[in-house]
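Here are the chains, one letter per residue:
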Amino acid sequence: MTDEFAVGGVSVPDTKLAREATQLVRDETNDLIYHHSRRVYLFGALQGRRRDLGFDPELLYIGAMFHDLGLGERFHDSGRRFEVDGADAARAFLRDHEVPEDSIRRVWTAIALHTTPGVPEFMEPEVALVTAGVEYDVLGIGYADLPAADREAVVRLHPRPDFKRRILDAFTAGIRPKPETTFGNVKADVLEHYVPGFERGDFVRTILESPWPE
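Below, the structure is looked at part by part. (Residues numbered from 1 in each chain as written. Predicted model: local features only at pLDDT ≥ 70, side-chain atom pairs only at ≥ 80, totals over all residues. Heavy atoms only, no water.)

## Focus on the side chain of His36
Relative to the assigned elements, His36 resides in helix H2 (residues 31-50). Since its relative accessible area comes to 0%, His36 is described here as buried. Beyond its immediate stretch of four places on either side in the chain, His36 contacts His67, Asp68, Asp137, Val138, Phe163 and Ile167. (Helix = DSSP H or I, 4+ residues; strand = E, 2+ residues; numbered from the N terminus. Buried < 20%, exposed > 50% of the residue type's maximum accessible area, 1.4 Å probe, protein only. Contact = heavy atoms within 4.5 Å.)

Written out as structure tokens, the structure reads:
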């Protein structure tokens, strides 16, 4: 581990895998997503320490760094949820580095489920903590659970100027080309707010209008 990013006893893994993941995210995303992803790792790891969870820092870091990669332009025509695009990209990256399949499964699941509240918290620590980091940084869930000094130290390392507006803009840009992927998930709220004419899928109507005769 490196001391450069030490906050509250947590630091960024100083491994070849982590460094290459950082470079990939730097190459494919902008400062907004990079700093957000690093905060997700740090806040997730701090929550893990607070909850006394044993987790693999390297796997948590990869999950955090790739969790929003699927918002990028190269995935706009995938027809899949951005979470799955990011999870698949992480899986390909980890397989290229010959990481064990069980570890890859944890990272894939952590990324794929990071916008599905109420499920990840009951899964492996790496899965739970990617979501915890996202919920902390984006939604402020558990805001008071971490010491103010730790929170402020993370934000000094990875600032969040105008973050609320800018992350919503990033969500909109990433999912606007494939609105059908928002059916039944929280990103439908984003398009409803920011894309004129968007009509969210209706679960009840889908059932009632299904081809079943009864």
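## Description of unusual backbone geometry
Although it is not a glycine, Asp52 adopts a positive phi angle of roughly 60°. Inspection of the secondary structure assignment puts Asp52 in the loop between H2 and helix H3 (57-66). Residue class for Asp52 comes out exposed when judged on its relative accessible area of 71%. Not every positive phi belongs to a glycine, and Asp162 is a case in point at roughly 50°. Here Asp162 is to be found in the loop between helix H7 (148-157) and helix H8 (163-175). On the accessibility criterion, Asp162 (43% relative accessible area) is partly exposed.

## Digging into the nonpolar core
Ranked by internal contacts, the top residues of the largest apolar core, which has 44 residues, are Tyr41, Ile62, Phe66 and Leu94. Secondary-structure elements contributing two or more residues to this core are helix H1 (16-28), H2, H3, helix H4 (82-96), helix H5 (101-112), helix H6 (125-139) and H7. Setting aside residues no more than four positions away along its own chain, Leu94 makes contact with Leu17, Ile62, Val99, Ile104 and Val107. Phe171, Ile175, Ala188 and Leu191 belong to the second-largest nonpolar core, a separate cluster that totals 14 residues. (Core = buried A, V, L, I, M, F, W, Y, C linked by side-chain atoms within 4.5 Å.)

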